[in-house]
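# Structural features, examined
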Amino acid sequence: MIKNGFAEERRFIIMVETQEHQKSNQLQFVLLVIGIIVVAFNLRPAITSVGPLFSLIREDIDISNGLAGLLTSLPLIAFAVISPMVPNVAHKFTREKVLIYGLILIIIGMSVRSISVFILLLIGTLIIGTGIAICNVLLPSLIKSHFPLKVALMTSIYTTVMNIFAAAGSGLSNPLAKDLNLGWEISLLIWALPAVFAVLIWIVIIRKDTTKQETITPSKKGILSGNRMWRIPLAWIVASFLGLQSTLFYVTISWLPEILHDFGMSMATAGWLLSITQIIGLPASFSIPILAGKLQKQSLIACSIGILSLIGYGGLLLGDSWATIIFSLIFIGIALGGGFALALTFIGLRSKDAEQATELSGMAQSVGYLFAAIGPFAIGSIYDVTASWTLPLLTLMVVAVLMIITGYQVGKDRYVID
């Protein structure tokens, strides 16, 4: 009887402990999903909120279109320089901790950038770019690590959230600055609030779970220090697709308001149309990664996105009627929303594990964003010389054609390291 009593008591204790463990795992799962989402809040508004404010910033600080374009190009340069360093730093201090450091840098950068002094504007922009670069690289690997069977779904969720907040940044920045009389400085600073919230969430995640707090091992250190991704052709193709897509995106969020303003619209209306363009891409941003994850090859999807881009920018070149503009923006919106989500999905699909995803993410984003960084500055400079948007739009159409060619190659079913 005594033995049976002890056995029953032990079974009861095990059952209670199992239930508590399951509840703890469920809570941690929910916290991780929320954590991924709140980081995604901060990866676009700091950049997309600048374009609709270019005219106010130019008037206040007295700079050219080319220099104004630097405010979008500098974060991309930071992406290119910082991204290759992130994998080693992450494995030394853990991905989660370095993610928090990146978010803190975003907050600091936004504070510095909101001072109406040109050099501080540039310094703050570089700090913001450094913080976003860290988060950009780590999110795909965190998803691969924590959600290995749900890579496509989680990529869909966080890229969709990114595009929602990107659209909010484009649409709200001008009204905040002019209609609410906050000025461009406060209008930009407001976007630091989501980063503060994200820091708090990830502090909670780290304190509740240490199982994923990896320390570097000699084997991993050897792998990472070898920079093997830089010697793999497929990694370069992934990077090229990301770079071409990002060029179209960052040029669009920088100069589309100015293009539409030259068509006779107010800057406020142009800003909202840029926002709507990004909203149009939300269904594509969510559905394309899921579709890509179900297909063995993604070449058709990638090429289709390039074709939509070609049609969209070609439409803007053909005329400035409302019908033509709306038609063009619909195609551009679908291409931008789906293209970025697909580019990030390729990082997971072409990697076998979280380590490969971290390395590929760092390499691809470094190369891709270095290429993309040229875009806003180059397009602004071309317009300064020609005083017309014809040549800039033709340039974007060439980029779209290159995206079609690259998309066909990157969509083939293979891994960077088999």
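Residues numbered from 1 in each chain as written. Predicted model: local features only at pLDDT ≥ 70, side-chain atom pairs only at ≥ 80, totals over all residues. Heavy atoms only, no water.

### Focus on a nonpolar patch on the surface
- Residues Ile77, Val81, Met85, Val89, Phe93, Tyr101, Ile104 and Ile108 make up a contiguous nonpolar surface patch of about 660 Å² in total accessible area.
- Elements represented by at least two residues in the nonpolar patch include exactly helix 4 (65–82), helix 5 (86–93) and helix 6 (95–113).
- Ranked by residue count, the leading element in the nonpolar patch is helix 6, at three residues. (Patch = residues over 30% accessible without salt bridge, like charges linked within 9 Å, V, L, I, M, F, W, Y side chains within 5 Å. Areas by Shrake-Rupley, 256 points an atom, 1.4 Å probe, with all protein chains shown as cover. Salt bridge = Lys/Arg side-chain N within 4 Å of Asp/Glu carboxyl O. Helix = DSSP H or I, 4+ residues; strand = E, 2+ residues; numbered from the N terminus.)

### As for helix 17 (residues 354–386)
- Given a rise of 1.5 Å per residue, 33 residues ought to cover 48 Å, and the 47 Å separating the end C-alpha atoms of helix 17 matches this to within 8%.
- By the largest-angle criterion, phenylalanine 377 marks the main kink of helix 17, which is about 25°.
- Alanine 387 sits one or two positions beyond helix 17 and adopts a positive phi of about 55°. (Expected span 1.5 Å × (residues − 1). Bend = angle between axes of the 7 residues up to and from the residue.)

### Comments concerning the packing of aromatic side chains
- Enumeration over the complete set of coordinates arrives at ten aromatic pairs.
- Aromatic side chains tryptophan 230 and tryptophan 236 sit 5.9 Å apart centroid to centroid with 75° between the ring planes, which places their arrangement in the edge-to-face category.
- Look at tyrosine 250 and tyrosine 369: their rings are 6.3 Å apart centre to centre, the planes differ by 70°, and that puts the pair in the edge-to-face class. With tyrosine 250 in helix 12 (residues 233–262) and tyrosine 369 in helix 17, this residue pair connects regions lying 119 residues apart in the sequence. We note that tyrosine 250, like tyrosine 369, is buried. (Phe/Tyr/Trp six-rings, centres within 6.5 Å; stacked < 30°, edge-to-face > 60°. Buried < 20%, exposed > 50% of the residue type's maximum accessible area, 1.4 Å probe, protein only.)

So, to be careful, I would describe these as geometric facts and stop short of saying anything about function.
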